[in-house]
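Spelled out from the first residue to the last, the chains are:
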Amino acid sequence: MADDGIELFIGLIESIDTPGAVDVCRGLLSVDEQIRADRFKFERHQRQYVFAHAMLRLALSHAAPEVEPTDWSFSTGRYGRPFVAAPTTATPLHFSLSHADGCVACVVSKHETVGVDVETVSRRVAPLSTALRFFAPEEVETLRTLPEPAAIERFFDYWTLKEAYLKARGFGLNLPLDAFAMQVSREAIKISFKPDIADDPAGWRFSLCSPSPSHRLAIADGSGAAGGLRITRNAWPLQDAAE
């Protein structure tokens, strides 16, 4: 990895699913990953899984060029968070992987506390009723003040930011979504916690982007680096796989 930052990879399925691409990507996966892909009922979900996990392998080899994409192996932690099990690199690499209908994304960093989440933005969602079930009271109140188009956008801001934070902490869904709250403004994105949550809001930086009009993506950076880690966005790395 060239510097101490976050490498972000994004692939839109409609752009990357070219003839033969899924076969090339499938060839990068382990036997276990291929078996998992085949368990999906619908072919589009199989292809999405294949692209996502091939992207992860290519992204890790982008950061550690001495390792072939097929040589990475993974294990999971206490709450199901995946991590690199082998090979051992000079500097340990950490990652977070996410995929939604039509989009795959991953981040790679030297810092463990990084997370990414991408979601498909649905205009059919009922933001307030869903927020009442899962979100913190202050987030619900913010959604109440917004007209519906803006409320839907803010809902997905909250959702992706929360998921990215949970992935960065490695908690999965073992920390309730209402145990912490996001504050989103043009100036900054901040986080706050209930008193019983042992975390420091000052140690976190967040970012949001829209890979397409139908997707929202968030990155959580808990490195504590001053000003946050620099995020480098990379193109879909399929060309690397074909070489």
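Conventions we followed
- Residues numbered from 1 in each chain as written.
- Predicted model: local features only at pLDDT ≥ 70, side-chain atom pairs only at ≥ 80, totals over all residues.
- Heavy atoms only, no water.
- Core = buried A, V, L, I, M, F, W, Y, C linked by side-chain atoms within 4.5 Å.
- Buried < 20%, exposed > 50% of the residue type's maximum accessible area, 1.4 Å probe, protein only.
- Helix = DSSP H or I, 4+ residues; strand = E, 2+ residues; numbered from the N terminus.
- Contact = heavy atoms within 4.5 Å.
- Pairing = 2+ DSSP bridges.
- Axes fitted to C-alpha atoms, helices over the stretch in contact; angles between N-to-C directions.
- Parallel < 35°, antiparallel > 145°, perpendicular 65-115°, else oblique.
- Nonpolar A, V, L, I, M, F, W, Y, C, P; charged D, E, K, R; others polar.
- Expected span 1.5 Å × (residues − 1).
- Salt bridge = Lys/Arg side-chain N within 4 Å of Asp/Glu carboxyl O.

If you look at the biggest cluster of nonpolar residues, it comprises 32 residues, and the most contacted ones within it are Tyr165, Phe180 and Phe206. The set of elements that each furnish at least two residues to this core consists of α6 (137–144), α7 (148–169), β7 (180–184), β8 (189–193) and β10 (215–221). In terms of residue count, the dominant contributor to this core is α7 (11 residues). Not counting chain neighbours up to four residues away, the residues in contact with Tyr165 comprise Leu175, Phe180, Ile191, Phe193, Asp199, Trp204, Phe206 and Ala220. Ile13, Cys25, Ala37 and Trp72 belong to the second largest nonpolar core, which has 31 residues in total.

Turning our attention to the pairing of strand β5 (residues 103–109). Judged by how many residues are buried, β5 sits mostly within the fold: 7 of 7 residues are covered. Every second residue of β5 is oriented toward a common face, with Cys103, Ala105, Val107 and Ser109 on one face and Val104, Cys106 and Val108 on the other, all of them buried. Two elements, strand β1 (residues 6–12) and β5, share 7 bridges in a ladder whose sense is antiparallel. Each bridged residue has a counterpart across the sheet, and for Glu7 the counterpart in β5 is Val108. Counting the residues in the hairpin turn of strand β4 (residues 94–100) and β5 gives 2 residues, including Gly102, whose phi is positive at 95 degrees.

This part is about the packing of helix α5 (residues 127–134) against α6. Contact geometry for α5 and α6: axes closest at 9 Å, N-to-C directions at 170 degrees. With respect to α6, the axis of α5 lies roughly antiparallel. Between α5, through Pro127, Leu128, Ala131 and Leu132, and α6, the contact on the second element is made entirely by Val140, Leu143 and Arg144. Considered class by class, the residues forming the contact of α5 with α6 number 6 nonpolar, no polar and 1 charged.

Moving on: α7. Between its terminal C-alpha atoms α7 stretches 31 Å, which fits the 32 Å expected from 22 residues at 1.5 Å a residue. At the C-terminal side of α7, Gly170 shows a positive phi close to 75 degrees.

Here the focus is the pattern of salt bridges. Following the criterion strictly, the structure yields 10 salt bridges and no others. Note that Asp17 and Arg47 form a salt bridge whose closest N and O atoms lie 2.7 Å from each other. Residue Asp17 is found in the loop between α1 (13–16) and α2 (21–26), and its partner Arg47 is found in helix α4 (residues 43–63); the two are separated by 30 residues along the sequence. Owing to a relative accessible area of 27%, Asp17 belongs among the partly exposed residues under this scheme. Between Arg169 and Asp199 there is a salt bridge, with its nearest N and O atoms 2.7 Å apart. Residue Arg169 is found in helix α7, and its partner Asp199 is found in the loop between β8 and β9 (205–212); the two are separated by 30 residues along the sequence. The network of salt bridges with shared partners includes Asp17, Glu43 and Arg47.

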